[in-house]
Amino acid sequence: MPVVAVSLRAPMQTDARALHELAVASGNLDANSRYAYLLVCSHFAKTSVVAESDGSVVGFVSGYRLPEDSETLFVWQIAVEREHRGQGIAMAMLSALVEQQLRRGLRFIEATVSPGNAASRRLFDGLARHFSAESTETSGYGTALFLPQVHDPEPLIRIGPFAAAFSRNGQL
């Protein structure tokens, strides 16, 4: 599979449709309404990132700072277009977002990842290693919270603390 060049940037409102389509096509994300992705691209644009190749959005990471803990970024969803998977795009987006947020006082990231989502688990393990940060897992959200829908549990992964001195001078 040839490696393609991607550029990373903050999402814009006009990206909402592409984010929705990527989530639907991912096969493993809970796809939200297009309106929810419009909010990601406007209200949470400073805590999210898109990967673009040849003028098309090929991946995104959506996240937000926890209202009760502004030093923690919750990573909500990560998607990469099927044709672009396996090229390190998810790690590039997530690493760039962490580095950007370090300049804004980030100390931890959190995400929920179902036990069967091996790719996301590898991604977050790799991120912790990349930043030499501790990774812990707690119960998060159990299956009973999703009833009557059948849904796997969503354990909570917490990575950090990140050392602000680790931040590079790169920008999104």
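Numbers given to residues run from 1 along each chain, matching the order in which its sequence is written. Predicted model: local features are reported for residues with pLDDT of at least 70 only, side-chain atom pairs are reported and counted for 80 or more only, and whole-chain, interface and lining totals are derived from all residues. As a rule here, side-chain values come from all non-hydrogen atoms in the structure, and water together with hydrogens is ignored.

Trainee: Help me understand unusual backbone geometry, please; the structure alone is not making it clear to me.
Mentor: Most of the time, phi is negative for any residue but glycine, and the peptide bond is trans. Cis geometry is found at the peptide bond from Gly160 to Pro161, where omega equals 5 degrees. Runs of H or I in DSSP of at least four residues are treated as helices and runs of E of at least two as strands, each being numbered from the N terminus. Inspection of the secondary structure assignment puts Pro161 in the segment after β7 (154-159). The backbone phi angle of Asp54 is positive, close to 50 degrees, even though this residue is not glycine. Counting through the fold element by element, Asp54 comes out in the loop between β2 (49-53) and β3 (56-66). Residues other than glycine seldom take positive phi values, yet Ser132 does so here, at roughly 50 degrees. If you trace the backbone, Ser132 turns up in the loop between α4 (118-130) and β6 (135-141).

Trainee: Which parts of the structure should I look at to understand the packing of helix α3 (residues 89-102) against α4?
Mentor: Packed helices, taken two at a time, are described by the angle their axes make and the gap between the axes. Axes, fitted as lines to C-alpha atoms, cover a helix only where it is in contact. Angles between the N-to-C directions of the axes lie from 0 to 180 degrees. Remark: α3 packs on α4, axes separated minimally by 10 Å, with the N-to-C direction vectors making an angle of 45 degrees. On the basis of the axis angle, α3 is oblique to α4. The hand of the α3/α4 crossing is right-handed. Seen from α3, the contacting residues are Ala90, Met91, Leu94, Ser95, Val98 and Glu99; seen from α4, they are Leu123, Phe124, Gly126, Leu127 and His130. Here roughly perpendicular refers to angles of 65 to 115 degrees, roughly parallel to angles under 35, roughly antiparallel to angles over 145, and oblique to all remaining angles. Each helix crossing is assigned a hand: it is left-handed if the near helix lies turned anticlockwise from the far helix by less than a right angle, otherwise right-handed if that turn is clockwise. By definition, residues are in contact when any of their heavy atoms lie within 4.5 Å.

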